[in-house]
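# Secondary and tertiary structure notes
The residues making up each chain are set out below.
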Amino acid sequence: MAEGESEVRWDGLCSRDSTSREIALENIRQIILRKAECLRSVRETPYRPPDGLSNAVSLDGLNKLLAHLLMLSKRCPFKDVREKSEFILKSVQELGIRIPQPLGQGPSRFIPEKEILQVGSEDAQMHALFADSFAALGRLDNITLVMVFHPQYLESFLKTQHYLLQMDGPLPLHYRHYIGIMAAARHQCSYLVNLHVNDFLHVGGDPKWLNGLENAPQKLQNLGELNKVLAHRPWLITKEHIEGLLKAEEHSWSLAELVHAVVLLTHYHSLASFTFGCGISPEIHCDGGHTFRPPSVSNYCICDITNGNHGMDEMQVNSAGNISVSDSFFEVEALMEKMKQLQECRDEEEASQEEMASRFEIEKRESMFVFSSDDEEVTPARDVSRHFEDTSYGYKDFSRHGMHVPTFRVQDYCWEDHGYSLVNRLYPDVGQLIDEKFHIAYNLTYNTMAMHKDVDTSMLRRAIWNYIHCMFGIRYDDYDYGEINQLLDRSFKVYIKTVVCTPEKVTKRMYDSFWRQFKHSEKVHVNLLLIEARMQAELLYALRAITRYMT
């Protein structure tokens, strides 16, 4: 933990009791002002011996505390903490010490801040949810503030994540956060890596492990291969992968530990997809979330500039040229008409099983050739890549280079009949929590599409879910895959495939180019479908391999 932060107890701010928070705030105020005054007096002392290193360390420690206070002043659900944090920052500023300013334009680089619920303006029900999240994590993170478009899902998500990370389970707490780091790093998701590095240290994790996976225990190193395959090519997972982990002598995993680890890996692979898919900004107190420089004319974040996200307004220009409002309006009308026609066709005739199987194979093959014009390799930064091995290993379409992967038939192994019970047996209650989250994401609807109300969106939601599973080779015998091409246009398919398979390559241009007349809340809803469908696909392959090992 950073020098300075270890002396400050932030936990008291998570209390529901205002008196406890007041005492904690006063302790924090005294520590920070003492450090600030000490630093100021050192600077003002004439003829002091040169000791630049210790001064830099002191300033760095103070800056980390100030960045944490800045986060609290903007993101804490308790008004007293927000106001007192701001007061402490101003007190430090009055001592002549520079205080941090937020960078960026809110929780998401893709969604205007004015459209996201502001902390402090939430209703009583939402405040209770925010307070629960803050009490559990000591922060209200940007993922939560974007997911809040869909409170029913957010509540289920937070409950599941809290159980995985903090409640009784087979794995020790520091292992859980380290596995989260390993999983997020596979997609170069520095946002999640940074959060869980802090959490890992907070629960007593060994800082040496953060120097690279080779410094972690052999047991965690052995998990690297499963992490790699699960993140990028889950169809290649076999019972031999499982056996290698369960029979590694003194470094063996138990079945319960392995199921916990698999659920964590799939959770964080999927959450990396959401992070990139919704353009989640760095947390205010983390690197890239604040600056100590005076405000400048430019508000660009360097990550925006390097990621092709600069200078673009909400109504974007795509590669085909200018977008007009009327064009995007007609896109919605055309999609509505296709849904109506498909429903009529369903009512009139049903395709044969042979035809349905053929349409699946066609769609699976076509999904291989869906790629973005921006599709180029992203080189992972050293601070992220050190958390995993084989940095060159990434997503590859099956059937490329003559490789063939058999179709995974849901009728033979599915979540409801097989995966759910296996997880619940080895890691009690988690199967139920995950199942609830899957159902909420899949069935969530407000019966709206852009400007239209009273719309049955079930056909569209099913097409999105089944397209993702199709990309992973997973087939539903009772679904007509011909519907996917009718309902999902090319720009939407590019976005879906990038978010699910190579999320680190998502750009704001991709986000803006699909469903241009739809609300941001609807695009976030799409991302919830993407991450839950992806998580279920990964779980199906991993749990099937565990089942085969057990039998």
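In this text the structure is predicted, and so the values were computed from the model without any measurement.

From N to C terminus, the chain includes 23 helices and six strands. A buried classification covers 53% of the 551 residues belonging to the chain. Surface accessibility of the chain: about 24,400 Å² in total, with carbon and sulfur atoms responsible for 50%.

On to the side chain of Glu 483, then. Examined against the element boundaries, Glu 483 turns out to sit in helix H20 (residues 482-487). Its relative accessible area of 4% is what places Glu 483 among the buried residues. Once you skip the residues sitting within four places of it in the chain, Glu 483 turns out to touch Leu 342, Arg 346 and Met 459.

Between helix H6 (residues 151-166) and helix H18 (residues 430-443), whose axes approach to 9 Å, the crossing angle comes to 155 degrees. On the basis of their axis angle, the class for H6 and H18 is roughly antiparallel. Crossing handedness for the pair H6 and H18: left-handed. Only Val 430, Leu 433, Ile 434, Glu 436, Lys 437, Ile 440 and Ala 441 of H18 make contact with H6, whose side of the interface consists of Gln 152, Tyr 153, Ser 156, Phe 157, Lys 159, Thr 160, Tyr 163 and Leu 164. Along the lines of polarity and charge, the residues of the contact of H6 with H18 split into nine nonpolar, three polar and three charged.

A separate point is the pattern of salt bridges. The tally for this structure, following the rule as stated, stands at 21 salt bridges. Between Asp 60 and Lys 64 there is a salt bridge; the shortest N-O distance is 3.3 Å. With a gap of four residues between them, Asp 60 and Lys 64 both fall in helix H2 (residues 52-75), about one helical turn apart. The salt bridge partner of Arg 475 is Asp 477, with a shortest N-O separation of 3.3 Å. Residue classification places Asp 477 among the buried positions, given a relative accessible area of 11%. Bridged by salt links that share partners, the residues Arg 409, Asp 412, Arg 475 and Asp 477 form one connected network.

Looking now at the packing of aromatic side chains. Taken as a whole and assessed by the stated rule, the structure comprises 23 aromatic pairs. For the pair Trp 415 and Phe 438, a centre-to-centre distance of 5.3 Å together with 85 degrees between the ring planes defines the contact as edge-to-face. Placement of Trp 415 in helix H17 (residues 415-426) and of Phe 438 in helix H18 is noted, with a sequence separation of 23 residues between them. Neither Trp 415 nor Phe 438 differs from the other in exposure class; each is buried.

Let's shift gears to H6. With 16 residues, H6 should reach 22 Å at 1.5 Å per residue; the first-to-last C-alpha distance of 22 Å fits that figure. Restricting attention to buried positions, one finds in H6 the residues Tyr 153, Leu 154, Ser 156, Phe 157, Leu 158, Thr 160, Gln 161, Tyr 163, Leu 164 and Leu 165.

This brings us to the environment of Leu 335. Tracing the chain through its elements places Leu 335 in helix H14 (residues 325-348). Residues within four places of Leu 335 in sequence aside, it is in contact with Met 449, Leu 460, Leu 487, Trp 515 and Phe 518.

For the coordinates displayed, the defined rule picks out three cavities of 30 Å³ or more. What the largest cavity holds in volume is close to 90 Å³. Those elements that place two or more of their residues in the lining of the largest cavity are helix H5 (142-147), H6, helix H8 (190-202) and helix H12 (255-277).

Now for H8. The terminal C-alpha atoms of H8 lie 18 Å apart, and with 13 residues this matches the ideal 18 Å at 1.5 Å per residue to within 8%. Residues of H8 that are buried include every one of Tyr 191, Leu 192, Val 193, Leu 195, His 196, Val 197, Asp 199, Phe 200 and Leu 201, and no others. Once H8 ends, the next one or two residues include Gly 204, with phi positive near 95 degrees.

Positive phi outside glycine occurs at Glu 249, with the angle close to 55 degrees. Topologically, Glu 249 is positioned in the loop between helix H11 (239-246) and H12. Taking the relative accessible area as the measure of exposure, Glu 249 reaches 68% and is therefore exposed. Even without being glycine, Ala 450 reaches a positive phi, approximately 55 degrees.

Met 147, Leu 223, Trp 253, Leu 258, Phe 274, Ile 464 and Ile 496 are the most contacted members of the largest nonpolar core, which totals 136 residues. The contacts of Ile 464, once residues within four sequence positions are left out, are Leu 488, Phe 492, Ile 496, Trp 515, Val 526, Leu 529 and Leu 530.

A few words now on the environment of Met 510. Topologically, Met 510 is positioned in helix H22 (residues 508-513). Residues Met 510 and Val 499, spaced eleven residues apart in sequence, show a C-alpha to C-alpha distance of 9.8 Å.

For the rest of this paragraph, the subject is the environment of Met 451. Relative to the helices and strands, Met 451 resides in the loop between strand E4 (448-449) and strand E5 (452-453). Between the C-alpha atoms of Met 451 and Gln 517, which are 66 residues apart in sequence, the distance is 8.1 Å.

A pair of packed helices can be characterised by two numbers: the angle between their axes and the separation between those axes. It is at 9 Å that the axes of helix H7 (residues 173-185) and H8 come closest, and there the two elements cross at 165 degrees. Considered as vectors, H7 and H8 are oriented roughly antiparallel to each other. Crossing of H7 over H8 shows left-handed handedness. Along its contact with H7, which presents His 174, His 177, Tyr 178, Ile 181, Ala 184 and Ala 185, the element H8 presents Leu 192, Val 193, His 196, Val 197, Asp 199 and Phe 200. A class-by-class count of the residues in the contact of H7 with H8 yields eight nonpolar, three polar and one charged.

A few words on the confidence of the model for the chain. For the chain, per-residue confidence averages 85 on the pLDDT scale, and 82% of positions sit at 70 or higher. Of all helices and strands in the chain, the one with the weakest mean pLDDT is helix H13 (residues 302-306) (39), whereas H12 scores best (98). The model gives residues 297-323 a pLDDT under 50, and that stretch makes 38 contacts with residues more than four places away or in other chains.

This part takes up the side chain of Arg 75. If you trace the backbone, Arg 75 turns up in helix H2. Glu 113 is the oppositely charged side chain nearest to the buried, salt-bridge-free Arg 75, at an N-O distance of 5.1 Å. Side chain to side chain, Arg 75 and Asn 142 meet in a polar contact 3.4 Å long.

Definitions and limits used
Residues numbered from 1 in each chain as written. Predicted model: local features only at pLDDT ≥ 70, side-chain atom pairs only at ≥ 80, totals over all residues. Heavy atoms only, no water. Helix = DSSP H or I, 4+ residues; strand = E, 2+ residues; numbered from the N terminus. Buried < 20%, exposed > 50% of the residue type's maximum accessible area, 1.4 Å probe, protein only. Areas by Shrake-Rupley, 256 points an atom, 1.4 Å probe, with all protein chains shown as cover. Contact = heavy atoms within 4.5 Å. Axes fitted to C-alpha atoms, helices over the stretch in contact; angles between N-to-C directions. Parallel < 35°, antiparallel > 145°, perpendicular 65-115°, else oblique. Left-handed = near helix turned anticlockwise from the far one by under 90°. Nonpolar A, V, L, I, M, F, W, Y, C, P; charged D, E, K, R; others polar. Salt bridge = Lys/Arg side-chain N within 4 Å of Asp/Glu carboxyl O. Phe/Tyr/Trp six-rings, centres within 6.5 Å; stacked < 30°, edge-to-face > 60°. Expected span 1.5 Å × (residues − 1). 1 Å grid on protein atoms, 1.4 Å probe; cavity = no way out; pocket = protein on both sides within 12 Å on 5 of 7 lines; lining within 4 Å. Points joined across faces, edges and corners; volume = space filled by probe spheres on them. Core = buried A, V, L, I, M, F, W, Y, C linked by side-chain atoms within 4.5 Å. pLDDT = per-residue confidence, 0-100. Lys, Arg positive; Asp, Glu negative; His and termini not counted. Polar contact = N/O pair within 3.5 Å; in protein donor to acceptor, adjacent residues only side chain to side chain.

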